[in-house]
Amino acid sequence: MWSGDELDLDAYLARIGYDIARDGELAPDLRTLTALHRAHASTIPFENLDVALGRPIPLDLKSLQAKLVERRRGGYCYEQNSLLAAALEQIGFRVEGRGARNRSRGTTRPPVTHALLAVTVEGEQWLADVGFGWQGPLEPVPLRDGARVEQDGWTFGVAVEDDGTHVLRSLRSTGWMDVYAFSPQAYQPGDFTVLNHYSSSHPESRFLGQVVAQRPGADVRRSLLRETLSLVRPDGSVEERILTADELAATLETEFGIELDAEERAGLEPLHPAGA
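Only a predicted model underlies this, so the values are computations on that prediction, with no experimental measurement involved.

Participant: Could you give me a rundown of the packing of helix α5 (residues 61-70) against helix α6 (residues 77-91), with the residues and numbers involved?
Facilitator: Between α5 and α6, whose axes approach to 10 Å, the crossing angle comes to 110 degrees. In this view, α5 runs roughly perpendicular relative to α6, as classed from their interaxial angle. Of the residues in α6, those in contact with Leu-61, Leu-64, Lys-67, Leu-68 and Val-69 of α5 are Glu-79, Gln-80, Ser-82, Leu-83 and Ala-86. Tallied by class, the residues present in the contact of α5 with α6 amount to 6 nonpolar, 2 polar and 2 charged.

Right, here's the structure in full:
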């Protein structure tokens with residue numbers, strides 16, 4: 001389903017820094033799922049630069065591998081989780097897609113615009129999501145009501161509402177906050193394509209016309225929105241800095257590990273508020 005047989009798994013593992021001799025043989029078990037999820041989320045940044053630059057966002061495996069693996073770029077949820085799904089499928093995991101409503105911005109009923117994965121390990125489903133940026137988990141989360149896990153000082157939980165909706169939650173200094181909500185309905189790669197079309201081209205998509213880059217981490221989580229760079233730490237403290245147009249490309253490279261070519265660097269300048 002996820003074109004796992006087309007993935008150059010060795011190249012993917014090298015991209016995320018997973019060394020079999022050091023980190024262990026791959027198998028469809030929880031240890032492998034956890035290790036790959038953390039390595040991927042920590043290495044390949046969330047970013048929307050191709051959307052902001054007006055480029056198409058193909059989701060076929062060949063294009064994903066060329067961009068995220070070979071060119072060492074990042075991507076947003078449809079790209080990131082489709083790539084992870086292909087790797088997991090090749091290893092032997094059972095992988096399903098899910099479509100979620102983002103609740104992190106306080107909107108009560110936003111549309112379904114986020115894509116994540118549900119991975120079955122020994123009869124239990126785990127939420128796997130390397131495509132939600134700085135607010136997402138570093139490791140899989142048990143997909144059952146009342147589940148609670150701590151990951152390097154960041155705490156995540158799952159709640160199931162009365163209508164069967166699953167909610168990923170994050171514990172902040174002010175209490176539990178809903179991150180996103182989704183039904184147990186399985187999504188196919190074609191469903192990701194439909195969601196991707198909206199997010200990459202609809203005039204109301206928040207990814208159009210502005211730079212978004214995010215990267216989760218253990219000690220600090222990084223977020224860049226337009227010209228504002230934010231560093232968020234487990235204790236809830238936030239450090240913000242306004243970037244100049246000249247700093248934008250360099251910051252994407254140094255803080256987020258996004259390797260840009262000359263055309264991309266030039267295209268960023270008009271996206272900065274000072275250069276628009």
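Participant: Just give me the short version of the nonpolar core, but keep the residues and values in it.
Facilitator: Within the largest apolar cluster, 45 residues are counted, with the highest numbers of intra-cluster contacts made by Leu-7, Tyr-12, Leu-88, Phe-93, Val-95, Leu-117 and Val-119. Excluding its chain neighbours within four sequence positions, the residues that come into contact with Leu-7 are Tyr-12, Leu-61, Gln-65, Leu-83, Ala-86, Ala-87 and Gln-90. Judged by nonpolar contacts, the second largest core, of 18 residues, contains Ala-100, Leu-127, Val-158 and Tyr-180.

Participant: Could you give me a rundown of helix α8 (residues 245-256), with the residues and numbers involved?
Facilitator: The end-to-end C-alpha distance of α8 is 17 Å, a good match for the 16 Å that 12 residues give at a rise of 1.5 Å each. Those residues of α8 that fall on the buried side of the exposure criterion are Leu-248, Ala-249, Thr-251, Leu-252 and Phe-256. Each buried residue of α8 lies within a common arc of 160 degrees when the element is viewed along its axis, so the set occupies one face. Turned more than 90 degrees away from the buried face of α8 sit Asp-246 and Thr-254, all of them exposed. Taken together, the buried residues of α8 touch α4 (49-52), β10 (212-215), β11 (221-225), β12 (228-232), β13 (238-242) and α9 (262-268). Where α8 ends, the next residue or the one after it, Gly-257, has phi of about 70 degrees, a positive value.

Participant: Summarise the sheet that holds β13; cite the residues concerned and give the values.
Facilitator: The antiparallel open sheet is built from 5 strands, whose spatial order is β1-β10-β11-β12-β13. With partners counted over all chains shown, the strands left at the sheet margins are β1 (46-47) and β13, one partner each. Across 2 bridges, the pairing between β1 and β10 is antiparallel. When the sheet's bridge partners are listed, Phe-46 is paired in β10 with Gln-214. Across the sheet, α8 is in contact with β10, β11, β12 and β13; its angle to β11 comes to roughly 160 degrees.

Cut-offs and rules
- Residues numbered from 1 in each chain as written.
- Predicted model: local features only at pLDDT ≥ 70, side-chain atom pairs only at ≥ 80, totals over all residues.
- Heavy atoms only, no water.
- Axes fitted to C-alpha atoms, helices over the stretch in contact; angles between N-to-C directions.
- Helix = DSSP H or I, 4+ residues; strand = E, 2+ residues; numbered from the N terminus.
- Parallel < 35°, antiparallel > 145°, perpendicular 65-115°, else oblique.
- Contact = heavy atoms within 4.5 Å.
- Nonpolar A, V, L, I, M, F, W, Y, C, P; charged D, E, K, R; others polar.
- Core = buried A, V, L, I, M, F, W, Y, C linked by side-chain atoms within 4.5 Å.
- Buried < 20%, exposed > 50% of the residue type's maximum accessible area, 1.4 Å probe, protein only.
- Expected span 1.5 Å × (residues − 1).
- Arc of directions from axis to C-beta.
- Pairing = 2+ DSSP bridges.

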